[in-house]
Protein chains: 2
Amino acid sequence: MKPSIPKGTRDFGPAEMCRRNYIFNTIKQVFNLFGFSQIETPALETLGTLMGKYGEEGDKLLFKILNSGDFLKDMSPERVAEGDYRKIIPTISEKGLRYDLTVPFARYVVMHRDELQMPFKRFQIQPVWRADRPQKGRYREFYQCDADVVGSDSLLNEVELLQMIDEVFRRLGVRIAIKLNNRKVLAGIAELIGAPDKIIDITVAIDKIDKIGLDNVCAELAERGLTQEQIDMLRPILNISGTLDERLEALENLLGENATGALGVKELKFVVETTLALGLDATLDLDVSLARGLNYYTGTIIEVKALDVAIGSISGGGRYDNLTGVFGMGGLSGVGISFGADRIYDVLNALNLYPADTAAGVTVMFVNFGEREALASLAMIKKMRAAGISAEIYPDAAKMKKQMARANALGVSYVAIVGEAELEQNALTLKNMSTGEQTLVSIDEAIDMLK
Amino acid sequence: MKPSIPKGTRDFGPAEMCRRNYIFNTIKQVFNLFGFSQIETPALETLGTLMGKYGEEGDKLLFKILNSGDFLKDMSPERVAEGDYRKIIPTISEKGLRYDLTVPFARYVVMHRDELQMPFKRFQIQPVWRADRPQKGRYREFYQCDADVVGSDSLLNEVELLQMIDEVFRRLGVRIAIKLNNRKVLAGIAELIGAPDKIIDITVAIDKIDKIGLDNVCAELAERGLTQEQIDMLRPILNISGTLDERLEALENLLGENATGALGVKELKFVVETTLALGLDATLDLDVSLARGLNYYTGTIIEVKALDVAIGSISGGGRYDNLTGVFGMGGLSGVGISFGADRIYDVLNALNLYPADTAAGVTVMFVNFGEREALASLAMIKKMRAAGISAEIYPDAAKMKKQMARANALGVSYVAIVGEAELEQNALTLKNMSTGEQTLVSIDEAIDMLK
């Protein structure tokens, strides 16, 4: 049989793992620096935990696990004859694969509520699975990197998360724009124009403004049942221009009459002003058309775009006020962000932003000239490793050409030669693979050179 | 609903994650030091890849994924009426969860054979899933940490792996005994007593020698069809005593007539002598009753036991000669070891071997006295983080007692106080949480103190 892997999944080889680890480690270090603690939840969750949390479409995209043993024992041929596979699922499957990190986190918080120190700042970096149709850049198994603060309404959390985003991308060398909005601003707009029930229609339409332009958005709004008068009230809000300060000011004036909207602008202003006062590399931007996860977010909405690569958002998040309600624990609000590891990987690849030593494997490869030389080499290798220098020996006394081919393919920095001459002097010849320079040294000198 | 997780799975909270990361990072650092490269394969594999690789029992223990969409479309009520769930599986499931890291590795090698630099030294640290009956210390989702060298017959690979085991447990502070055997020795014994076809019976029986004693093993061997004469020949081999050298010598003499056995002893001697010459902390031991994975291993067999905790083996492995044959690529031999992360975790917990700073979360928590103080604190925190010191602010201006309770619960090393007095002097008060000592310092002085 010719082996294959399921569509939408990937193998990561050594070079890819180095690059991915660089990204994950960078994110993890920043999370730790900001006082977030890591947790991990199982890949398997009960379908009771997962079903109904991601809408009808999400339920379909959950990977479901066939019950172990005789899964047919409670199933009748009649039910199969009925032909509705959805009704059969609960009979033959009780577990599924994690679809995101938010629902497992909510479940975790509820189950561990008595152990958690609130506000609880957690991060989680784990794969998730979705039975989506695979396409370029969309996988069925991919990593999410989430950080959330729950149990605190303070806007300082938003400021911290924005600084954290800034620091992650500063370290990765990716120039970004952080777009901000606030769900209360969107609600305020809808209330202001007298269409509070149309907030979804409005946000769905204005979300397309970058793609189709303001006029087409207005046409769509008319189709969705807004009156001309309402659209005319909306236009100036969508047309706000100027510096970030000027636009916040304009938005404040336009929404001033509406309590919800005014609160939203006030929150935005605090978050923007505090973040700018602390200083950041990223461009901070207001985007009233930003509406991601509208049904979930209740305050700040955050989205991050790479400035130098045309790709969807590479990070995003927002404030929510009821993480755990669906599991019977009310009133827990929080704010979180998620880093899109796969897109960040694509961005770093596109811009070639990996540090030179990212793919560095082993530092020194010893050539193998036979048993006696190999044993002397192994003793030297042991000393190198004790000094923190990665080293290996070619395991067989193969032809020099073959051994050097490996050294080149692995991109080792040095090749070490312990032949008869070196054995006699209890020394080794170190060949610098970039300069070609060769030096006869003792093992202690070699270690000093390499450290 | 009261949420739960599937039986045999676990949540890992912040403290557990710190301890687990300590173990995984230690293992990973050593793998890198020895020149092993990391790969990752998907959690999902096709059932074509997984089925038939772990025996009939293994096939049952595979978690199988229900096909997306209408999985009933190719199923007739008649087939359900037949009642054989095994026959139904291929119709409704084409993917499963990774059961170990060896089969995915074999699949990976075959699919990427043209890109790989042989000998290929890979490591892989990922969870695996088994629908086993959960019990104490046995989980349905757990991590494996495997390192293998494929494409080289050299016994130096064995020596390297033994050194690697030694280094991992030296770093973890776990005293271990490494038990060695060689499949050829077992085959030689079976040949020598004239029962080459009984090698499985012999190994199954003598594997119990520690538990039931030599006399009972001999009784079992008689039951399994060995003649008294054969058992009498076997006794002295199982009774070998003395130092490791003496036992290898005795084994050599006892098996000297048998070519297979003699080769096995020669291999064992080379591995033992070379490893001892390089020096190691672990106790090295010969155990002719060691037979793990007999159907798979063809040469060296390795098993690691903790000396100070009564628990099963915490690492093990061996040499195999046909990793990829089942996927149509013949002749690829290798040698590998696997670290049992969950048992190692249990051992470190039992002996309390974690370094003092393992659970260290954030280093400094700033008390929040209100907006003005908080903003000044955030600027200081930014400087601390830039110096690599993890720091956070309590997000709300809560009561001092509540804030200090968090600092204590999180185990922060320092609490920073920026109140009115400190604001005036553009300074902060650092409270050392272990000594209680308080110092008024500038932010730069604070950073110097903390670094």
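Reading guide: rules and limits
Every chain is numbered independently, its residues counted from 1 as its sequence is written. Working convention: letters from A go to chains and numbers from 1 go to ligands, in the order in which they are written. With pLDDT at 70 or above as the cut-off, local features in this predicted model cover only qualifying residues; side-chain atom pairs require 80 or more to be listed or tallied, and sums for whole chains, interfaces and linings still use all residues. Hydrogens and water are ignored here; the side-chain numbers use all heavy atoms of the structure. Numbering of helices and strands starts at the N terminus; helices are DSSP runs of H or I of at least 4 residues and strands are runs of E of at least 2. Expected helix span is taken as 1.5 Å per residue step, with the number of steps being one fewer than the number of residues. One axis is fitted to the seven residues ending at the residue and one to the seven starting there. The bend at that residue is the angle between these axes. Residue exposure (1.4 Å probe, protein chains only): buried if accessible area is under 20% of the type maximum, exposed if over 50%, otherwise partly exposed. Only heavy atoms enter the contact rule, under which two residues are in contact if any of them lie within 4.5 Å. In this description, the term disulfide denotes a pair of cysteine sulfurs within 2.5 Å. Candidates for patches are residues over 30% relative accessible area with no salt bridge; among them, like charges are joined within 9 Å and nonpolar side chains (Val, Leu, Ile, Met, Phe, Trp, Tyr) within 5 Å. Values of accessible area rely on a 1.4 Å probe in the Shrake-Rupley scheme; residue burial ignores everything except the protein chains shown. Take a side-chain nitrogen of Lys or Arg and a carboxyl oxygen of Asp or Glu: if they are within 4 Å of each other, that pair is a salt bridge. We treat Lys and Arg as the positive residues and Asp and Glu as the negative residues; His and chain ends play no part in the count. Just so you know, the charge point we use is NZ for Lys, CZ for Arg, CG for Asp and CD for Glu. We call two N or O atoms a polar contact when they sit within 3.5 Å, provided that within protein one can donate a hydrogen and the other can accept it, with sequence-adjacent residues counted only if both atoms are side-chain atoms. By definition, pLDDT measures how confident the predictor is in each residue, and it falls between 0 and 100. Least squares is the method for superposing the copies, and the C-alpha atoms it fits come from residues with pLDDT of at least 70 in both. Note on pairing: two strands pair once DSSP finds at least 2 bridges between them. A fitted line through C-alpha atoms represents every axis, and for helices the fit uses only the stretch in contact; the resulting angles, taken between N-to-C directions, go from 0 to 180 degrees. Crossing chirality is assigned from the near helix's rotation relative to the far helix, an anticlockwise turn below a right angle marking it left-handed and a clockwise turn marking it right-handed. Note on residue categories: nonpolar means Ala, Val, Leu, Ile, Met, Phe, Trp, Tyr, Cys or Pro, charged means Asp, Glu, Lys or Arg, and polar means any other residue, Gly included. Put simply, buried area is how much 1.4 Å-probe accessible surface two parts lose in total, over both of them, once they are put together.

A. Representation of helix H10 (residues 209–223) of chain A. Residue and element names in this part refer to chain A. With 15 residues, H10 should cover 21 Å at 1.5 Å per step; its first-to-last C-alpha distance of 16 Å lies more than 12% under that length. Roughly 75° is the biggest bend found in H10, and it falls at Asp-215. Turning to H10, its buried residues number three or more, namely Ile-209, Leu-214, Val-217, Cys-218, Glu-220 and Leu-221. Contact partners of the buried residues in H10: helix H9 (199–206) and helix H11 (228–238). Remark: Gly-225 follows H10 within two positions and exhibits a positive phi of approximately 100°.

B. Quick look at the state of the cysteines. Here the structure, examined in full by the defined rule, presents zero disulfides over all chains. Residue A:Cys18 stays outside any disulfide, its sulfur separated by 17 Å from that of A:Cys145, the closest cysteine.

C. Highlighting unusual backbone geometry. The step from A:Met118 to A:Pro119 runs through a cis peptide bond, and the omega angle for that step is -10°. Position of A:Pro119 among the secondary structure elements: in the loop between helix H6 (102–111) and strand S5 (120–129). Positive phi is not limited to glycine here, since B:Asn352 has a value of about 50°. Along the chain, B:Asn352 turns up in the loop between helix H14 (341–351) and strand S12 (364–366). At B:Asn426, a position not held by glycine, the phi torsion is positive, near 50°. Within the secondary structure layout, B:Asn426 lies in the loop between helix H17 (420–425) and strand S15 (428–432). Its relative accessible area of 58% is what places B:Asn426 among the exposed residues.

D. Local environment of a negative patch on the surface. Residues and elements named next belong to chain A. Negative charge collects at one region of the surface, where Asp-245, Glu-246, Glu-249 and Glu-273 lie side by side. Per element, the largest residue contribution to the negative patch is three residues, and it comes from helix H12 (residues 244–255). As for its position among the elements, Glu-246 is in helix H12. Glu-246 sits in the partly exposed class, given a relative accessible area of 46%.

E. Summary view of the side chain of A:Thr26. Residues and elements named next belong to chain A. Within the element layout of this structure, Thr-26 appears in helix H1 (residues 14–33). A polar side-chain atom of Thr-26 sits 2.6 Å from the main-chain carbonyl oxygen of Tyr-22. Among residues more than four places away in sequence, those in contact with Thr-26 are Val-168, Arg-171 and Leu-172.

F. Quick look at the confidence of the model for chain A. The share of residues in chain A with pLDDT of 70 or more is 99%, and the mean pLDDT across the chain is 94. Across the assembled chains, the prediction reports ipTM 0.94 with pTM 0.94.

G. Representation of the relation of the copies chain B and chain A within the structure. Note on the copies: chain B fits chain A at an RMSD of 0.1 Å, the axial shift is 0.0 Å, and the rotation between them is 180°. Both copies of the chain, as the preceding transformation shows, are related through a two-fold rotation axis. Both copies share a contact surface, since 100% of the interface residues of chain B are interface residues in chain A too.

H. Broad picture of the sheet that holds strand S15 (residues 428–432) of chain A. All names here are of chain A. Strand order in the open sheet made by the five strands is S13-S12-S14-S15-S16, with mixed pairing throughout. Each having just a single partner strand, strand S13 (391–393) and strand S16 (438–441) make up the two edges of the open sheet. Taken over all neighbouring pairs, the strand axes of this sheet differ in orientation by 25° on average, direction set aside. In this structure, strand S12 (residues 364–366) lies alongside strand S14 (residues 414–417), joined through three bridges in parallel fashion. Bridged to Met-365 within S14 is Val-415. Its contacts with the sheet put helix H15 (residues 371–386) on S12, S13 and S15, and the angle it makes with S13 is roughly 170°.

I. Quick look at the packing of H15(A) against helix H18 (residues 443–450) of chain A. Residue and element names in this part refer to chain A. As a packed pair, H15 and H18 sit with axes 10 Å apart at the nearest point and diverge in direction by 40°. Our pair here, H15 against H18, has a crossing hand that is right-handed. Where H15 approaches H18, its residues Met-380, Lys-383 and Met-384 are matched on the opposing element by Ile-443, Ala-446, Ile-447 and Leu-450. For the contact of H15 with H18, a count of residues per class yields six nonpolar, no polar and one charged.

J. Molecular detail of the interface of chain B and chain A. Facing 105 residues of chain B, the contacting portion of chain A comprises 105 residues. Buried area between chain B and chain A, summed over both chains or domains, comes out near 8,500 Å², and the portion from carbon and sulfur atoms is 64%. Applying the counting criterion to the chain B and chain A interface returns six salt bridges. For B:Arg385, the salt bridge identified is with A:Glu160, shortest N-O distance 2.6 Å.

K. Examining the pattern of salt bridges more closely. Scanning all chains against the criterion turns up 48 salt bridges over all chains. Of the charged contacts, one joins A:Asp84 and A:Arg86 as a salt bridge, the two residues approaching to 3.8 Å between their closest N and O atoms. Note on A:Arg86: relative accessible area 49%, which makes it partly exposed. The shortest N-O distance in the salt bridge between B:Asp342 and B:Arg10 comes to 2.8 Å. Residue B:Asp342 is found in helix H14, and its partner B:Arg10 is found in the segment before helix H1 (14–33); the two are separated by 332 residues along the sequence. As far as the burial class goes, B:Asp342 and B:Arg10 line up, both buried. One salt-bridge network, held together by shared partners, links A:Asp201, A:Lys208, A:Glu220 and A:Arg224.

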